[in-house]
Each structure stands twice: as structure tokens, then as C-alpha cells.
Amino acid sequence: RTRLPHTMHQPLPITSITLFSTSIAYLTRAGTPSSPTTSFLFPTPKINHILKSLSISSKVAIRNITYESKEQNRVKLRSGDDTSFWTALKGVLVHITHDNGKGVQGFVMNQVRMRQDNGTDVNKVQLMGHENGMIQWVDVSKIESMKIMDERMESELRDSLKERKVSRIVVTMAEGRTPMRMYYSMPLTVWKISYRIILGDEEDDMQQKETPQGGSSNQYVKDRVYGKLMGFAIVDNNLEEDWDNIALTLVSGSPVSFDHDLFTPQTRHLPHLPHAIQSVTADDIRNIMERQNQEGSDSNPSEPPGVMPKFARGTNEFKKRKPQRAHSIAYSESEGSEDLFAAPIQKSSTKQESSADMFQYKVPTKVTIRAMESALVPIIEENVTFTRVALYKSTQESVHPLTSLSFHNQTPLTFEAGPLTVSTARGMLLGESVLQMRKPQEKQFIPYSQDSSLIVSHTSSTFVDDYTRNWSMKIQNNGIASTDVSQVRTVKYTILNRSQDQQKNLLIQHEITHSHDTECYVNETRVPCMFSTKNFATYQIPVAAKETLNVNIMEVKLVHRDFNFRLHLPEDHYKQWVQNKLIADTGVIRQFDVIRQTAKEIDTLQSQNAQLIPKESHLLSQIQTYRQNLQAIPGSSDAKETRRRYLEEMASLETEWRAVLQQKQNNVERIDELKKLKAKMAEDIVYSNSYSRPSLQRGAQ
């Protein structure tokens, strides 16, 4: 339907707009007004936001900013040259009363100017009869009333008239012809985003496969697909003003914003002061002020100052937005898993800045959007490498997995959540999906179609007692041991690849219930878990062409844990149990060896100390003998040389004696240290099973 044409002209054009994802926009107007007084027109429903946030920047002072508190514009039917009203009603069913109560009902066709016999021109509207199809002409100047029979058009006209209500803000500067800028916020439509992935064709050498040597079906094959990721922002200009070459910034986040009534004049009830003012005392004035304050606090105006306003939609969402689950999976990659997301990147021209939980796209080029129109603005264009996989969930009903692209965001940009279309460079549609919000270095699977060449079915058994996997034991130096009793359920997957010449890379996402541990076996060969989330464990299964695989995933559930017995397990018994594969060696044998070496070192040090004791006694005896001999030597000059020789020999013996004492003390300290280490290692010895094979059932029992 044709809308009512209306465009609001402002003295200063819009130069930049920052659009938030919470229906808030921050606008900038810039220019040089022709006079000191500049008048702006704004929609009345949005005037509160403008009064709340309006700011002006200029080299000269601001003298005054005024606005009209009440102003209404009404659309009237006129007999002049304005035909826009009837143009908007073209094709609409109406009922017109004219010429003293005459009524006619029909569809509006046109409005023309016709010349009468007396030479005057009149405006007439052309109607086609609702029932008989008769064409009639009605003089516009003689229309008394009109009713629009189309309810939708009537509602649209009401809304349009309501939107035409504007308020005037007049800015007075100290001087004219001076550049100035005006900033303010107001509600606008939410900007949205949609993505396209354009994959290269095999004929153009855009697809590469990395196959390990040998080509075994049990080895994983990386199916690299090169493509381009494009993002378009959907921006709606619902203002009555064109956006001509503006700087556009798109922000994803939840800034605090609210509506506060500043436009409506408010008054408060004032108390009456008696006429005989000479008789009013200070106490009377104090009582009047207290009563006034009490009445003011009890009153509840629409939006009084000081009252916390109601927040707008989304403004109380201070936490980080969580990505929706939908059909995509976000996860953290575990060690040892295949890197499905390695991708070369090319920097986009769109600049992005981040602050806390908000990020913004700055469109590099100027944008033009006419009034009441919308546009798709390109903001992302990246060359990305994907990995094509087949994704199967144990909870899905279909037997065919979903062909998916593994995406690793190796760009510096944050991608806002939005719908996504996957196609080829030759124009073939492959499917659609949803891209969740992804920050740099985050990953996601993007499923877009079903892979009919793969058929996956699964059956589940009930939990049963399994004595081959339920035994784990921890033994301390005091002999206390604990055992874990578990149950096992087996889920059997049957996979058939009907492709004649193409190997498939299947990812099975097995649902985890009650925090069970899982193990995956392909033809009795254990497959490591690629990665796991809170609800799913994912295993990668390569399936060769025309191959059928049987995959068993076992869920191990802990039933209870016992601490009810003691067990003394010497080293020789432990080694025998490990040799018989009743339990797995978790490094205990090495700990026993270290303990043995420590004990051997302790014995060596103790033996050294035992040998040092006689030597210490012998040296001490010699030193005592020299001291006695020194006392027996006479003090004559002939014995001076003998005294000097005795003193030198006694000093040498004392030095050797002190070295023996120091070595003995060092050995004692080292022995104490080794004894503590030995006791600590003995306490840390742990015995546990490694989920032994079924042939060990008897030994485990």
C-alpha cells in the first residue's frame, strides 16, 4: 500500500548515527546555521529522550534553548491542489456523505481538477461503486464526512497521523553563521544482521583434502573447504528524514537507557498562607513547610524527579549474552583432538572496537538511506577455511546426519548472532543455518543440510553390573583401601556409507546422562573423545566409501563406593598383580624403586657415620697427647723449635677433626631428610585398575 508521503526537513543534517541493538540510537547533527536562532522539529513521542540527552558543541556560547510544551499538527481535507491524501487512499473502500446527507460507497480511483460550465475549477474524487461498479464523481468541497471501510488502512492512517505530531526546539546562539554540532539519543529500530557463506567449487581447485599416508579408513581425513563469509547489517530508517552520506556505527550491547517524562509540565500542591500575615509566627512557617514536604512525598506524579524510572527493554541485561543453543554447538577443544578449524584469514575493512560486553562495527564508507526505507549494509567480508563434517546427534530422530561446516573465528571481529545462508560460487543453494555470537578464537559447527549418503542408527541396552570395569582401589600406608562399584550400559551405533567413492568424516555427539564416563570402540579399537561439553561427548569416526561400521559407546555409572576393609599389599604382591593385569601400574613401581634407592642412600650415609666415629676418637686422642707433650717441654731457647713443630702438627689435627665432625653432621641432616621423603612417598602410593579387558573378570572378582 502507498504510505502517506511526509519528510521532515531540518536546518542541520544528520552526519553520524550510532545504532545499538537495544532500540537506542545516538545521533549527531553538524553544520553552519544561517542565523543565531535555529529551529528543529522532533517527533513528540521521542521528545523526552531528546530533552534528556541533548548537548550542543560550538565555538560560541549558547544563549538559550527553548521548546513548546504542547503542539499538535492535524491533517485536514482541503480543496486546494494537495492530492497526496487521496493518492494514499487509492484503491481503498470508503463511504462518503455529501450534499445534505447523500451517501455513496466505493473504491477511490483518482482525484482530478475539473472545469465547470461557469469557468471555475473544482476538485472531484473518482469512485467505483462497491456493488455495481458504477463510476461516480464527488465534489471534494461538498464532502461532509467520510468513513474508511478498510480497518487496516484506517489503523495505518491513525498511526501515520500520530507520528506526524512534532515538537519544536529552538536553539539560540551568541552569533550566527558559526559551525555547531548537536548530539542526542532517541529510540530507533533494532539493527539486525544476516550472513552468507559462499563456498568455492571443486572445479576451481577451491576444495582440498588432506589424507594421511596409507589411506586407512581408521584414520581421520580433513576435508578443507575454502569460502567467503559475508555479513550484512539490516538497518531501518523509520525517521521522517533522509540519511544522506552519514557515518554509521553499529553497536551490539545493552547500555542502560530509559524513558523519563521531562516534556509534561508538573506542579505540586502548595499550602495556603493566611491573609493576616502579621499574625503568622516562625513556628507556623515551619509547620507549613513540614506539611508541604509531607504532601509532596505522599503525592505520586507521573514521573517526578528523584524517582527511579522504568527501564527500557533489554537495559537491565548487564550480564554477557549467552548464545542460543538452536542447531549449533559451541565447545572447547581437548588435547590430542584434530584441529578442524585451522583457517587463513584476510582482514576486513570494517573496523571493530570492543568495550566490556559491547562491541561495535564502524562502516568504512558513508551510508545513504532515504526516509521510511531500509538497507542492507555490508559490514563483514572475510576469506575463511572451513572443514566439512557430518554431524550426528544421538537425540535426533532422523537417521541421516547433518552436513556441517566447522568454523573457527580467527579474525579480530566479533560476530553477532544471525541467520546464515550457505551457497556455492556458481549460485547453488546448499542450505541455511544460524550463526551464534562468536568472539575471536571461538568455534562452532554450522549444520546446513542432511547427508543422505550416510545412515546412522543406534540401540541402547540397560545398565548392568560389570565386574570388569567396576574396581578401583586406593591404598595408604595404614592399609585402608576403597573400592568403586559401577554399572555399564552399551549404546550400539550402526553406520553405513552409501557413497561409491567418497569417504565421510562422521562426528557422533553422544548424549551424556547423569555425568557418566563414556568410552567409544570401533571394531574393538578404542577411539579417544574428540571433545566434550556438559551434555554431549563427541567422537570422530572416519567411514570409507561403501563401508559399514559398528560403533559401541559404553556409559560407566558409579553406583557406590566402599571403605569397609583393610588390605596390606607388599611390593612383591603388587608387582605380581600388575604382571597378571589385575590392576594397572600408575607409577607405583617407579615409586617403589625410588623408595628403595632412598633407603639404600640412608644405609650408605649411616655406614659412613659409623666409620667416622673411630676416626673422630683417634684424632681427638692424638690432639690430647700433643697438648700434654707441650706442657712437658721446658721453656729454654733450645726447645723453642720443638714447641713450634708441636703446635703446627696439633693445628693440622684439629682441622681434620673439625672436618670429620662437619661431615658427620651433614650426613645426619641428609638422613633425616631422606626419611621424611620416604615416608611421604609411601603415603602417596595409589593402586587403581585401568578398566581391564573382559578376560580379567575372574581376577577382578
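Since the structure is predicted, the reported quantities are computational estimates derived from the model, not experimental observations. (Residues numbered from 1 in each chain as written. Predicted model: local features only at pLDDT ≥ 70, side-chain atom pairs only at ≥ 80, totals over all residues. Heavy atoms only, no water.)

**Q** Sorry if this is basic, but what is going on with the overall build of the protein here?
**A** Along the protein, the regular secondary structure elements total eight helices and 34 strands. Going through the 701 residues of the protein one by one, you find that 40% of them count as buried. When contacts within the protein are restricted to residue pairs at least 6 apart in sequence, those whose partners lie at least 24 apart make up 76%. Per element, the accessible surface of the protein, about 40700 Å² overall, is 49% carbon and sulfur. (Helix = DSSP H or I, 4+ residues; strand = E, 2+ residues; numbered from the N terminus. Buried < 20%, exposed > 50% of the residue type's maximum accessible area, 1.4 Å probe, protein only. Contact = heavy atoms within 4.5 Å. Areas by Shrake-Rupley, 256 points an atom, 1.4 Å probe, with all protein chains shown as cover.)

**Q** Mind showing me how you'd approach the pairing of strand β7 (residues 102-115) here?
**A** Within a regular strand, side chains alternate between the sheet's two faces. Note that strand β6 (residues 93-98) and β7 share six bridges and pair antiparallel. By the bridge assignment, Val94 is partnered in β7 with Gly106. Linking β6 to β7, which pair antiparallel, is a turn of three residues; within it Asp99 sits at a positive phi near 50 degrees. Summarising the sheet, β7 and strand β8 (residues 121-129) pair through nine bridges and their orientation is antiparallel. Bridging across to β8, Gly106 finds its partner in Gly129. The turn joining β7 and β8, which pair antiparallel and follow one another in sequence, is formed by five residues; a positive phi near 90 degrees is taken by Gly119. (Pairing = 2+ DSSP bridges.)

**Q** Hey, could you run me through the sheet that holds strand β11 (residues 166-173) in this one?
**A** Taken in spatial order, the three strands make up an open sheet running β3-β11-β5, and their pairing is antiparallel. In the strand order of this sheet, the two ends are held by β3 (37-43) and β5 (62-67), each with one partner. Averaged over all pairs of adjacent strands, the angle between strand axes in this sheet comes to 20 degrees, irrespective of strand direction. As paired strands, β3 and β11 are joined by seven bridges and run antiparallel to one another. Each residue of the ladder has a partner; that of Pro43, found in β11, is Val166. (Axes fitted to C-alpha atoms, helices over the stretch in contact; angles between N-to-C directions.)

**Q** In this structure, what is going on with the packing of aromatic side chains? I would like to understand it.
**A** Given two aromatic rings, their pairing is described by the distance between the two centres and the angle made by the two planes. Applying the stated criterion to the full structure yields 11 aromatic pairs. Note on Phe40 and Phe42: the rings are 6.3 Å apart at their centroids and 20 degrees apart in plane angle, and the pair reads as stacked. The residues Phe40 and Phe42 share a single accessibility class, namely buried. Aromatic pair Trp191 and Tyr361: ring centres 6.4 Å apart, planes at 85 degrees, arrangement edge-to-face. Pair noted here: Trp191 is in the loop between β12 (180-187) and β13 (192-199) and Tyr361 is in strand β18 (residues 358-362), with a separation of 170 residues, a long-range link. Exposure remark for Trp191: the relative accessible area of 4% places this residue in the buried category. (Phe/Tyr/Trp six-rings, centres within 6.5 Å; stacked < 30°, edge-to-face > 60°.)

**Q** How should I be thinking about the pairing of strand β20 (residues 373-393) in this particular structure?
**A** Sheet analysis places β20 next to strand β21 (residues 402-408), joined by five bridges and oriented antiparallel. Pairing of Ala390 across the sheet is with Thr403, part of β21. When β20 meets strand β29 (residues 504-511), the two strands line up parallel, connected through four bridges. Note on β29: the bridge partner recorded for Ala390 is Leu506.

**Q** Sorry, what's going on with the pattern of salt bridges here?
**A** Oppositely charged side chains may form a pair once their charged atoms are brought near each other. Enumeration over the complete set of coordinates arrives at 16 salt bridges. With a shortest N-O distance of 3.3 Å, Asp236 and Lys192 are connected by a salt bridge. Taken together, the positions of Asp236 in strand β15 (residues 222-237) and Lys192 in strand β13 put the pair 44 residues apart, joining distant regions of the chain. The closest approach of N and O atoms between Glu648 and Arg644, which form a salt bridge, is 2.8 Å. Here Glu648 and its partner Arg644 are both found in helix α7 (residues 640-683), four residues apart, which amounts to about one turn of the helix. (Salt bridge = Lys/Arg side-chain N within 4 Å of Asp/Glu carboxyl O.)

**Q** Any chance you could explain the sheet that holds β7 here in plain terms?
**A** Hydrogen bonding along the main chain pairs the strands of a sheet, whether they run parallel or antiparallel. What the five strands build is an open sheet, ordered β9-β8-β7-β6-β10; its pairing is antiparallel. Looking at which strands have only one partner, the edges of the open sheet turn out to be β9 (135-139) and β10 (143-148). Adjacent strand axes in the sheet meet at a mean angle of 45 degrees when their direction is disregarded.

**Q** Would you mind showing me how to read the side chain of Thr411 here?
**A** Position of Thr411 among the secondary structure elements: in the loop between β21 and β22 (418-424). Among the polar contacts made by the side chain of Thr411, one reaches the side chain of Asn409 at a distance of 2.6 Å. (Polar contact = N/O pair within 3.5 Å; in protein donor to acceptor, adjacent residues only side chain to side chain.)

**Q** What should I look at first to understand the confidence of the model for the protein in this one?
**A** Any residue range with low pLDDT should be treated as having predicted coordinates unsuitable for detailed reading. Residues of the protein with pLDDT of at least 70 account for 70%, and the chain-wide mean is 76. Across residues 71-81 the pLDDT falls below 50, and counting only partners more than four positions away or on other chains, this stretch makes 12 contacts in the model. Taken as a whole, residues 203-221 scores under 50 in pLDDT and shows 41 contacts with residues more than four places along the chain or in a different chain. (pLDDT = per-residue confidence, 0-100.)

**Q** When you look at unusual backbone geometry in this model, what are you seeing that I'm missing?
**A** Negative phi characterises most residues that are not glycine, and trans characterises most peptide bonds. Positive phi outside glycine occurs at Arg177, with the angle close to 50 degrees. Among the secondary structure elements, Arg177 is positioned in the loop between β11 and β12. Looking at Arg177, the relative accessible area reads 64%, which means it is exposed. Of note, the phi angle at Met372 is positive, near 60 degrees, even though the residue is not glycine. Assessed through its relative accessible area of 30%, Met372 is described here as partly exposed.

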